[in-house]
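Each chain, written out:
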Amino acid sequence: MDNLQRRGRIPLERGSELRLFQGVLLRPLACLQVVLLLPLLISSGCQSQRPDTKSSRITQTQANEQPVTPVLPPLGTRTVPAGPLPLPEPVPTVPMPLVPALPVAPPTLEAVPPVPVPRASFPADSPLRPLPKQDRFSGDSWQSLNRWLATHQWPSAQFSVLAQNTRVNLKIPTGDWTLQLGSQRAFWNGMLIQLGFEPRAIVHDVLVHSLDVEKHLDPLAAAGAAAWTGPRIIVLDPGHGGAQPGSRSIIGNQLEKDLTLDWALRLRALLQAQGWEVHLTRTNDFYMSLAERVDFSEHSGAALFISLHLNSSFPNQEAQGIETYTTTPQGMNSHLTREYADDPTRPYPNNRYDEESFSLAVRIHRSLITRSGATDRGVRHARFMDVLRWQNRPALLVEGGFLSNPAEALKIASPAYRQKLAAAIAEALR
Ligand SMILES: [Zn+2]
C-alpha cells in the first residue's frame, strides 16, 4: 500500500467489495476517504473515468507523508461529473456538512436524505419557552385564597360575610387586591382587572381558579407591575392604515388609522429620548396585514410589542374609556371575541409571555388611566387578535378611547390629549 500510495494511486474495485493489498478489507475507511476526497477527485480529472470501467482509480497524494487536507475549490468553479461516478455503492454515512457545500450533488450522494431546513420562526435552538401543553388546563382547578397566602408566607385572611357580590379585600406586600365573589371583575390597587373566572365562596375561605392565581395573582404578588428591565427594543404598531381606516370619529370624521399613527409618532419620540430603539410597523398611511406586522416584529428583534387602537361602539354613543388587551391565557375564555370561535384549549406562541404581558399591561393601563382621566375599562384578554397571539415577545394592545363617544372623541381630536396618551405609555416604560 505504501508503494502505491507513494505513487499516488490506490486501486479500488467496483462492486460491493473493496480490495486493497493482501486481502485487507478497509471498506469503511475507503468510504470515508471517498467522501473526503470527492472534491479532489472531481478537480483532478477523476470524473473523466468512464463509468463502465471495471477497475476505477482514485488519486491520493502523499497519504502517508502528511495528512491530506482536501481543498475545496471556490463555490461555482467546481466541475460537475458528466455521469455517475464509478464508486462502489451509495455512501450511507456522508458527513452532512459536505452535502450543502456542493453546488450539485454528485450522483453517488443521491441516497443522502435532504438536509432539514430550520423553520424561520421557531428554530430548534431558539431560547423561546415551550408552549403550554394543549391538555394542561383541561380540568377545573381551584385554589384556596388562604392556601395561596400561606405559600407566600403571608398571614391568612378572615372571610366573614361571603355572599354573592361580596367584595374581598386582600392586602399583600406589593399591593391590594379586591376580588368580587361571583364576578370576574377584580381590582388591583383600585384598577380594574378582568379575571378568567369568578371567585367562589366556601366556608371561611375564597376559591380562586388556579389559572387566575398563575396568570394574575402570582405575577403581581412577585413584584407588582414592575418596570421593564429587558432589552429596550420595541415595535409600536399604529392600528389599521391604507384601505383599512378603522373606526371613524363622530367628531370631524377623523379616522382611527390617522389618529393612531399620530399617537405612535408622538410615543416614538418620547421613547427614543428614554433610550429605546423604536420601530414602527408603518410611518405613513399604508395597509399592512396583521401577519406582516408580526413578521416585522420578528425581523426588528423587538423585545416588546404594543399595538395602538381607538375604539368604537357606533351607533351606541355611551361607551367610553380605555381598555388594554393581552392574549388570553390557555384555558380561559376571552373577554372579547368579536364572533371569533374562541377555543380556550388552544395555546398560541404569545402565551409563552402571559405573565410579562399582563404585568406590563397593568403598568401601562394604570399610567394611561391616571394621566388621561379616562374611564377604566380594565386589563382584558382576547384571543382573536392575530397581531398579538403570534408574537414571540410580551405584547399588548391598547384601545385608547371611543371615537363613537362625543366627549371622548372630542378629547382624542386634540393633539394635546394624544400627546398625553403617548406620555402615559412612555412613563410606564421609563
Ligand atoms: Zn382598531
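See above for the structure.
Here the residue index of a chain counts from 1 through its sequence in written order. Local features in a predicted model are, by the rule used here, given only for residues with pLDDT of at least 70; side-chain atom pairs are given and counted only at 80 or more, and totals for whole chains, interfaces and linings are based on all residues.

Peer 1: I'd like a description of the environment of S357, backed by residues and values.
Peer 2: Helix and strand assignments come from DSSP, with helices taken as H or I runs of at least 4 residues and strands as E runs of at least 2, each series counted from the N terminus. The residue S357 is located in helix α8 (residues 354-372) in this model. Sequence separation between S357 and F305 is 52 residues, and the spatial gap between their C-alpha atoms is 9.4 Å. Discounting chain neighbours no more than four positions away, the residues touching S357 are T326, T327, P394, A395 and L396. Two residues form a contact once the distance between their C-beta atoms, set from the backbone, is within 7 Å.

Peer 1: Run through helix α6 (residues 256-273), naming residues and quoting values.
Peer 2: When the terminal C-alpha atoms of α6 are compared, their 26 Å separation across 18 residues agrees well with the 26 Å that a helix rising 1.5 Å per residue should span. Those residues of α6 not exposed but buried are E256, K257, L259, T260, L261, W263, A264, L267, R268 and L271. Those residues of α6 hidden inside the fold are in contact with β10 (233-238), β11 (277-280), β12 (304-311), β15 (395-402), α10 (406-412) and α11 (415-428). G275 sits one or two residues past α6 and shows a positive phi near 90°. Here, expected helix span is obtained from the residue count minus one, scaled by 1.5 Å. With C-beta atoms placed from the backbone, a residue is labelled by how many other C-beta atoms lie within 10 Å of its own: buried for 20 or more, exposed for 12 or fewer, partly exposed between the two.

Peer 1: An account of the nonpolar core is requested, with residue identities and associated values reported.
Peer 2: Soluble, globular proteins show a tendency: their nonpolar side chains are buried together. Counting 67 residues, the largest nonpolar core has I234, I306, L396 and I425 as its most contacted members. Residue ranges labeled as domains rest on an automatic or database domain assignment. Looking at this core, you find at least three residues from each of domain 2 (142-223) and domain 3 (233-428). Those residues in contact with I306, other than ones at most four positions away along the chain, are I234, L236, D237, L396, V398 and I425. Nonpolar core, as used here: buried Ala, Val, Leu, Ile, Met, Phe, Trp, Tyr and Cys residues forming one set through C-beta atoms within 7 Å.

Peer 1: How would you sum up unusual backbone geometry? Please name residues and give values.
Peer 2: Backbone torsion omega between F314 and P315 reads 10°, so that peptide bond is classified as cis. Tracing the sequence through the fold places P315 in the loop between β12 and β13 (322-327). Of note, the phi angle at H240 is positive, near 65°, even though the residue is not glycine. In this structure, H240 sits in the loop between β10 and α6. According to the C-beta neighbour criterion, H240 is buried, with 24 such atoms within 10 Å. Non-glycine residue R338 carries a positive phi angle of around 45°. Locating R338 in the fold gives a position in the loop between β13 and α8. On the basis of neighbour counts, which here come to 9 C-beta atoms within 10 Å, the residue R338 falls in the exposed class.

Peer 1: Pulling in residues and values, what's your account of the environment of T337?
Peer 2: For T337, the location among the structural elements is in the loop between β13 and α8. Between the C-alpha atoms of T337 and M385, which are 48 residues apart in sequence, the distance is 8.9 Å. When neighbours within four sequence positions are excluded, T337 is seen to be in contact with D342 and F384.

Peer 1: Can you explain the pairing of strand β6 (residues 185-188)? Please cite residues and give values.
Peer 2: Burial along β6 is one-sided: the residues A186 and W188 are buried and none of R185 and F187 is. Any two strands are treated as partners once DSSP identifies two or more bridges connecting them. Judged from the 2 bridges that link them, strand β5 (residues 175-180) and β6 form a sheet pairing that is antiparallel. Along β6, the bridge assignment pairs W177 with W188. Between the antiparallel neighbours β5 and β6 lie 4 residues, among them G182 with a positive phi of about 75°. Sheet analysis places β6 next to strand β7 (residues 191-194), joined by 4 bridges and oriented antiparallel. Directly across from R185, in β7, lies its bridge partner Q194.

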